[in-house]
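# Secondary and tertiary structure notes
Next come the chains, spelled out residue by residue.
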Amino acid sequence: MIKFLDLKKINESYEADFYEKMKLVLENGWYILGNEVKAFESDFAHYCGTKYCVGVGNGFDALVLIFKAYIQLGKLQKGDEVIVPANTYIASVLAILHADLIPVLAEPDLKSYNINPGLILKKITPKTKAVLAVHLYGQLAEMRIINEIANQNNLLVIEDAAQAHGAVLVESGMLKGENKKSGNLSNAAAFSFYPGKNLGALGDGGAITTNDAQLAKVLYSLRNYGSQKKYHNELVGVNSRLDELQAAFLNLKLPDLNQDNQKRREVASRYLAEIKNNKIILPFWNLSENHVFHLFVIRTENRDELQKYLLENGIQTMIHYPIPTHKQKAFSDWNKLSFPVTEKIHNEVLSLPISPVMRNDEVSFVIEILNRY
Ligand SMILES: *Cc1c(COP(=O)(O)O)cnc(C)c1O
């Protein structure tokens, strides 16, 4: 059986180091916001190329806290509209709601599956104050255009980078050599270290990256009960701290992130070159480092039939995602809305196995079985 994602295998090579680090943390006796979190915040900021990184409890909290911090700073107000892709994981939309802001859904582009910048323009009203750009499946949203639209309309841009650790916006022409990574392509970015993400912990974890000193200051406080000095609470904060042990594990894995992403791109390159079946639509990729292939998502008309066929042949797949946000029970007010591109994507997508620990013969097998379908 080829697993969709073999997390045990991904973490196996770190086993001895994990135990050693756990022993160190245990012996050190400091379990919340200690040296491991500090080291991770410094190294992850450096990795992303940003001035600041704030470790938090998970990716969802990272998003909510960015919005709450902007409200605290007076740059957003309750009831402001935030444009977000209709085609995303539900967390992006929930985060906007939980910060007392209004999510405004916009259709994606059928080629990239990311938000269609032209449709952002159409959704702008006097109440629009921000765009939440999601780098879906690991591929950067069209950040140059999105930032330009935001500049012209006085909007904040926030990245949901939960699926795109290490993706690079490769510049050419006059900007050649000015490459920037996800997390450094907007006002502030949210990352998740959920175990299955490209940089995954052994539990929940998240972070915010930004170059904005004021925002970072508010975030360091908000995540810790609104307090920077123990028992002095200057803001109405929450408890959402990156766990010291999870930070210790992430410190061990971060140095391998680029190489892991490269391995994912190698698997993706083979899928793209060798899957030849006119029933299957392969993802678009311009071969640059702008994609870290958190997921390799194909489309086909008879998705459930293909999934069953693959499983019968020993290949596990997943669907990201089966039900769009606006069709979820939780959003009954939106159930009648129509987002045809989003709905088409949700009806047709299937995610193939991809990971840095997938062997070449496994990739060959998936290709062979798909070509026989
Ligand atoms: C995983 C994910 C999140 C949420 O991260 P958690 O750490 O699970 O809270 C948010 N947005 C997207 C696009 C994600 O894939």
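Just so we're clear, the structure is a prediction, and the values are computed from it rather than from any experiment.

Here the focus is the sheet that holds strand S5 (residues 156–160). Sheet architecture is open: 7 strands sit in the order S1-S9-S8-S5-S4-S2-S3, paired in mixed fashion. Bordering the open sheet on either side are strand S1 (52–56) and strand S3 (102–106), each of which pairs with just one other strand. The average undirected angle you get between the axes of adjacent strands in this sheet is 25 degrees. Relative to the sheet, helix H4 (residues 59–72) contacts S1, strand S2 (81–85), strand S4 (128–134), S5, strand S8 (188–192) and strand S9 (206–210), its axis offset from that of S8 by approximately 160 degrees. Packing of helix H5 (residues 90–98) onto the sheet brings it into contact with S2, S3, S4 and S5, and relative to S3 it is tilted by some 150 degrees.

Turning next to the UniProt feature "modified residue: N6-(pyridoxal phosphate)lysine" (unreviewed entry) in the chain. With numbering aligned to this structure, UniProt lists the feature "modified residue: N6-(pyridoxal phosphate)lysine" (unreviewed entry) at Lys-197. Mapped onto the fold, Lys-197 is located in the loop between S8 and S9. On the basis of relative accessibility, which here comes to 16%, the residue Lys-197 falls in the buried class. Once you skip the residues sitting within four places of it in the chain, Lys-197 turns out to touch Ala-162, His-165, Ser-192 and His-294.

Attention shifts here to the domain arrangement of the chain. Quite often, the size of an interface is put as the accessible area lost when its parts meet. According to the domain assignment, the chain consists of domain 1 (7–254) and domain 2 (257–372). Computed over C-alpha atoms only, the centres of domain 1 and domain 2 are separated by 24 Å. Facing 38 residues of domain 1, the contacting portion of domain 2 comprises 36 residues. Roughly 3,300 Å² is buried in total at the junction of domain 1 and domain 2, and carbon and sulfur atoms are behind 61% of that figure. On the surface where domain 1 and domain 2 come into contact, there are 0 salt bridges. Residue assignment for the side of domain 1 that touches domain 2 shows that the elements contributing at least two residues are helix H1 (7–12), H5 and S3.

Reading the values: rules and limits
Throughout, a residue's number is its position along its own chain's written sequence, starting from 1. Under the rules for a predicted model, residues below a pLDDT of 70 receive no local features and side-chain atom pairs below 80 are neither given nor counted, while totals for whole chains, interfaces and linings still include all residues. Values shown for side chains rest on all heavy atoms present in the structure; no hydrogens or waters enter the calculation. The pairing criterion is simple: DSSP has to find at least two bridges between the two strands. Think of it this way: any DSSP run of H or I at least four residues long counts as a helix, any run of E at least two long counts as a strand, and we number them from the N terminus. Helix axes are fitted only over the stretch in contact, all axes being lines through C-alpha atoms; the angle between N-to-C directions runs from 0 to 180 degrees. Any two residues having at least one pair of non-hydrogen atoms within 4.5 Å are treated as being in contact. UniProt positions are given in the numbering used here, feature names are shortened, and annotations may be inferred rather than shown by experiment. Partly exposed describes any residue whose relative accessible area lies between the buried limit of under 20% and the exposed limit of over 50%, with all areas from a 1.4 Å probe on protein chains only and scaled to the type maximum. As used throughout, domain bounds are those supplied by an automatic or database domain assignment. Two parts placed together each lose some accessible area under a 1.4 Å probe, and the buried area is that loss summed for both. Basic side-chain nitrogens of Lys or Arg form a salt bridge, by our definition, when they fall within 4 Å of a carboxyl oxygen of Asp or Glu.

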